[in-house]
Amino acid sequence: MATVAAVPAPGLPGRVCDACGEATLVPFADLGDIPVLCGVHWADPEEAGASPVGRMVLASCPSCAYVRNVAFDPAVMVYDTTMDTNLHHSPAFQAFSAELVKHLAERYQLGGRRILDVGCGQGDFLRELCHTAGCTGSGYDAMYAGPVGPDGSGAVFHSGHAPRCEGLPDFDMFTSRHWFEHLDDPYDFLVDLRRRAGTRSVYGYLEVPDACYDLSTAGWEVIYPHVSYFDAHSLVRVAERAGWRVEDTGTFFGGMFRFIEVSANAGDEPRRGTGPLPGKAERDRQLTAVAGFAQRHAAERAAWQGRIADLAGRGARPVLWGAGSRGVQFLTFADPQRRLAAVVDVNPRKWGRYLPVTAHQVESPEGLARLRPEAVIITNPSYRDEIGASLRDLGVTAELLIA
Ligand SMILES: [Zn+2]
């Protein structure tokens, strides 16, 4: 049975909270060694099995509820264009992104403005924002594998990390979706952007996995590339401490994602959001989730290993649908023995290839019509309807299990 130590091995120095700077982080769960390259897939199963692992020791701030992997080693986490963490293959995510583009374009009057998109992925969001709002933009991502330079949308793409300090281009709004949590120095990143804004009126949009969701559930989203885990309160704290005014914050996508909108030099303009900003109540709720996490994670891990063994044992051919980072982490914790009959994904770039460490092979969902599994496991409840509909189209009548 899996065990999760509440206290890590000695030798990790105390670290002052990145978000509020007021307290030392306290370790609460040691998940051991987990795959580092959870967005990479290999042609060779042995290479996949030998891919690097890194230690995950979660620690929290008693003052603001920020959570961080205090064992994170930036030297092993190297991003390149072979990684594919693109969420844009999912229609549900595309629909959400389209709504977000409209919202930002209208709320911040982005026509003619300059956007800086840090961690732009394959550029889908920035391209759509430029197209819809009539703005221009610069996108940076070390995983960006498309053509570099200007494209027809008004965006200019760079394959590589965004420069820091003086190297940053001028911008009227910065956006960063699902990248902020990957940074080793999230506070310095926001300070940098704030300095670059100077005395100009500038806005910002950050989107991260919501740590309240991640740490109140089994923790399949606790993956090595995610260094920081921000909940409502700690995200506001880090933004304010870096000199930004918080315009709005909230969750979407079934509570899994959190956004924050910030401004600099907004003068006496009223705050854009209408709800109260998160405070002590949200912090305390998160600290409660943190306190129960190690035990909950260990119990879920053991329960899913048992469930998969039972299903496989009675010939139900259980499969996992979704080989993204969340799926990879689920496989690491719940199916290290590879008892699942298949792992499928809608992204054709993954078909026939092997996932890190556990070396499960990824197949096309079409294969399920032949395999006829009786149970399909998904790790992301937001995709329940989408995957349910795909199964019906394939003629597969399987029980859909949400991990
Ligand atoms: Zn703190």
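Residues numbered from 1 in each chain as written. Predicted model: local features only at pLDDT ≥ 70, side-chain atom pairs only at ≥ 80, totals over all residues. Heavy atoms only, no water.

Draft legend 1. Representation of the sheet that holds strand β2 (residues 53-60) within the structure. Reading across the sheet, the 4 strands line up as β1-β2-β3-β10 and stay open at both edges, with antiparallel pairing between neighbours. Every other strand in the sheet has two partners, leaving β1 (26-35) and β10 (228-229) as the edge strands with one partner each. Summarising the sheet, β2 and strand β3 (residues 67-69) pair through 3 bridges and their orientation is antiparallel. Residue L58 lies in a different strand from β3, and its bridge partner there is N69. (Pairing = 2+ DSSP bridges. Helix = DSSP H or I, 4+ residues; strand = E, 2+ residues; numbered from the N terminus.)

Draft legend 2. Examining the coordination of the zinc ion more closely. Surrounding the zinc ion are the protein donor atoms C17 (SG), C20 (SG), C61 (SG) and C64 (SG), at 2.3 Å. For the zinc ion, the 4 donor atoms in the first shell make angles of 104 to 114° at the metal, a pattern classed as tetrahedral. Going along the chain, you hit the donors of the zinc ion in the pattern C-x2-C-x40-C-x2-C. Note that C17 is positioned in the segment before β1 and C64 in the loop between β2 and β3, a separation of 47 residues in sequence. Judged by its relative accessible area of 2%, C17 is buried. (Donors = N, O, S within 2.8 Å, 3.2 Å for Na, K, Ca; no water. Tetrahedral: all angles 85-135°; square planar, octahedral: opposite > 155°, others 65-115°. Buried < 20%, exposed > 50% of the residue type's maximum accessible area, 1.4 Å probe, protein only.)

Draft legend 3. Up close: the domain arrangement of the protein. We note that the domain assignment places domain 1 (91-287) and domain 2 (315-402) within the protein. Centre-to-centre separation of domain 1 and domain 2, based on C-alpha positions: 31 Å. Tallying the contact residues gives 12 residues for domain 1 and 11 residues for domain 2. Across the domain 1 to domain 2 interface the summed buried area is about 1,000 Å²; carbon plus sulfur atoms make up 59%. At the boundary of domain 1 and domain 2, one finds 1 salt bridge. Note that R326 and E221 form a salt bridge whose closest N and O atoms lie 3.0 Å from each other. At the surface where domain 1 touches domain 2, the tally comes to 3 residue pairs in polar contact (both at pLDDT 80 or more). Secondary-structure elements contributing two or more residues to the side of domain 1 that touches domain 2 are α2 (91-107) and α5 (211-216). Considering each element in turn, the side of domain 1 that touches domain 2 owes the most residues, 3 residues, to α2. Of the residues in the side of domain 1 that touches domain 2, the class split is 9 nonpolar, 1 polar and 2 charged. (Domains from an automatic or database assignment. Contact = heavy atoms within 4.5 Å. Buried area = accessible area lost by both parts, 1.4 Å probe. Salt bridge = Lys/Arg side-chain N within 4 Å of Asp/Glu carboxyl O. Polar contact = N/O pair within 3.5 Å; in protein donor to acceptor, adjacent residues only side chain to side chain. Nonpolar A, V, L, I, M, F, W, Y, C, P; charged D, E, K, R; others polar.)

Draft legend 4. Examining the sheet that holds strand β5 (residues 136-141) more closely. Pairing is mixed in the open sheet, where 8 strands are placed in the order β6-β7-β5-β4-β8-β9-β12-β11. Only two strands of the sheet have a single neighbouring strand rather than two, namely β6 (149-150) and β11 (245-252). Both β5 and strand β7 (residues 155-159) contribute to a ladder of 5 bridges, which runs parallel. Bridged to D141 within β7 is S159.

Draft legend 5. Summary view of the side chain of R283. Assignment of secondary structure puts R283 in helix α7 (residues 280-313). The contact partners of R283, leaving out residues within four places of it in the chain, are P62, S63, C64, A65, D231 and H233.

Draft legend 6. Structural detail: the environment of M77. Structurally, the position occupied by M77 is in the loop between β3 and α2. Look at M77 and you get buried, because its relative accessible area is 7%. In this structure, the C-alpha to C-alpha distance between M77 and L37, residues 40 residues apart in sequence, is 7.6 Å. Setting aside residues no more than four positions away along its own chain, M77 makes contact with V36, L37, F72, M83, Y224 and P225.

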